[in-house]
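# Residue-level structural notes
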Amino acid sequence: MPGWVETGIENYRKRLPRDMPLEVVEIPAGVRGKGADIARAVQSEGDRMLEKLRDREHVVALEVSGKAWSTEQLSSRLDEWRHGGDDVALLIGGPDGLDSRVAARAKQSWSLSPLTLPHPLVRVILAEQLYRAFTLLSGHPYHR
């Protein structure tokens, strides 16, 4: 990832409270290229994602076909997740989406936008939106 991605994520990571740590776990993309088997690449990514997930994690799949949430709705979900007791895993699929087994593991499906967004930008947007939702919960003026 370009340096600006980690800089952007770190900016919001530092602002979040200690009881809401933001950790990014990168899964290498499946092999793609001329003549590549895309289904195999997606399955390979799915295998690696499923290996990383823990049993008690609340999994949220970020998918174009997911439900769009307003900032207020995200804030409400963040509050629910925070008080639910389980870690939350927000999964961003590869360029061809999430493996169906990974999507089936998700308790929620969320769409950031109907637009196709580049993965580096999605990471920064996601970090910012989590911080924005937190500030709404805490009454901080950032949300305005």
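Because the structure is a prediction, the values reported are computed rather than measured.

Calculation rules
Sequence order as written defines residue numbering, which begins from 1 separately in each chain. Two thresholds apply to this predicted model, a pLDDT of at least 70 for residue-level local features and 80 or more for giving and counting side-chain atom pairs, whereas whole-chain, interface and lining totals are computed over all residues. Each side-chain value is derived from all of the structure's non-hydrogen atoms; neither hydrogens nor water enter the calculation. Pairing between two strands is assigned when DSSP locates at least 2 bridges connecting them. Helix numbering and strand numbering both begin at the N terminus, where a helix is a DSSP run of H or I of at least 4 residues and a strand a DSSP run of E of at least 2. Axis geometry follows a simple rule: fit a line to the C-alpha atoms, using only the stretch in contact for helices, then measure angles between N-to-C directions, giving values from 0 to 180 degrees. We call two residues in contact whenever any of their non-hydrogen atoms come within 4.5 Å of each other. The way it works is a 1 Å grid over only the protein atoms, where trapped points that fit a 1.4 Å probe form a cavity and open points with protein on both sides within 12 Å along at least five of seven lines form a pocket, and then any residue with an atom within 4 Å of a point lines it. Grid points are joined across faces, edges and corners, and a volume is the space filled by probe spheres set on the points. Under the scheme applied here, ten amino acids are nonpolar (Ala, Val, Leu, Ile, Met, Phe, Trp, Tyr, Cys and Pro), four are charged (Asp, Glu, Lys and Arg), and all others, including Gly, are polar. Centre distance within 6.5 Å is the pairing criterion for rings of Phe, Tyr and Trp, where only the six-membered ring of Trp is used; planes under 30 degrees apart are then read as stacked, over 60 as edge-to-face, and the remainder as tilted. Partly exposed describes any residue whose relative accessible area lies between the buried limit of under 20% and the exposed limit of over 50%, with all areas from a 1.4 Å probe on protein chains only and scaled to the type maximum.

This part is about the sheet that holds strand β3 (residues 108-111). Taken in spatial order, the three strands line up as β2-β1-β3 in an open sheet, and their pairing is parallel. With one partner strand each, in any of the chains shown, β2 (88-92) and β3 form the two edges of the open sheet. Averaged over all adjacent pairs, the angle separating strand axes in this sheet is 40°, with direction ignored. Strands β1 (58-68), β2 and β3 of the sheet are contacted by helix α5 (residues 119-138), whose axis makes an angle of about 150° with β2.

Our focus in this paragraph is the layout of surface pockets. Quantified by volume, the largest pocket comes out at close to 1300 Å³. As for the largest pocket, its lining consists of 39 residues, and the residues nearest its centre are Glu23, Val24, Val88, Ala89 and Leu90. Mapped onto the lining of the largest pocket, the elements with two or more residues apiece are α2 (38-52), α3 (71-84), β2 and α5. Residue classes in the lining of the largest pocket are distributed as 24 nonpolar, four polar and 11 charged. Contributions of two or more residues to the lining of the second largest pocket are made by β1, β3 and α5. The dominant element in the lining of the second largest pocket, judged by the number of residues it contributes, is β1, at four residues. Of the residues that constitute the lining of the second largest pocket, the class distribution is 11 nonpolar, eight polar and one charged.

Evaluation of the coordinates by the stated rule reveals four aromatic pairs. Ring centres of tyrosine 12 and tyrosine 131 lie 6.0 Å apart, and the angle between their planes is 40°; on these two criteria the pair is classed as tilted. Of this pair, tyrosine 12 sits in helix α1 (residues 3-15) while tyrosine 131 is found in helix α5, placing the two residues 119 residues apart along the sequence. Both residues of the pair, tyrosine 12 and tyrosine 131, belong to the buried class.

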